[in-house]
Amino acid sequence: MKIAALFLWLALPLAGYAIYLTYGTPHMIWSYEFLDNGDQYNPYADRHYTSCTYFGWGWETVTIPAVDARCPWVRLFKGQI
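Residues numbered from 1 in each chain as written. Predicted model: local features only at pLDDT ≥ 70, side-chain atom pairs only at ≥ 80, totals over all residues. Heavy atoms only, no water.

Draft legend 1. Here's a closer look at the pairing of strand 1 (residues 25-35). Sheet analysis places strand 1 next to strand 4 (residues 74-77), joined by four bridges and oriented antiparallel. Across the sheet, the residue bridging to H27 is R75, located in strand 4. Bridge count for strand 1 against strand 2 (residues 48-56) is eight bridges, and the pairing is antiparallel. Bridge assignment links M28 to a residue of strand 2, and that residue is F55. (Pairing = 2+ DSSP bridges. Helix = DSSP H or I, 4+ residues; strand = E, 2+ residues; numbered from the N terminus.)

Draft legend 2. Highlighting the packing of aromatic side chains. Applying the stated rule across the entire model yields seven aromatic pairs. Relative to F55, the ring of W30 lies with its centre 5.1 Å away and its plane at 40°, an arrangement referred to as tilted. Here W30 is found in strand 1, whereas its partner F55 is found in strand 2, with 25 residues between them in sequence. By relative accessible area, W30 is classed as exposed at 59%. Here the aromatic residues W30, F55 and W59 are joined through ring pairs into a cluster of three or more. (Phe/Tyr/Trp six-rings, centres within 6.5 Å; stacked < 30°, edge-to-face > 60°. Buried < 20%, exposed > 50% of the residue type's maximum accessible area, 1.4 Å probe, protein only.)

Draft legend 3. Representation of the environment of T25 within the structure. Along the chain, T25 falls in strand 1. Under the relative-accessibility criterion, T25 is labelled buried at 6%. For the pair T25 and G79, spaced 54 residues apart in the sequence, the C-alpha separation amounts to 8.1 Å.

Here it is as structure tokens:
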């Protein structure tokens, strides 16, 4: 049992690698485009986002169309490295 405890620390890196293979790498929102109904600088105006640009690992950006007129702050993308 003592020998098994020595290898217990490997569980965290292996879990991280499994998450990377399954879901991809995290990317954070960098910029977005939206329809502002003529009131661009009003923070309370309804905005309908049209595209989202994300910045992630390897200095790479990914631009995708907005889903349901929204852009999540963080997304996971596969195969970007």
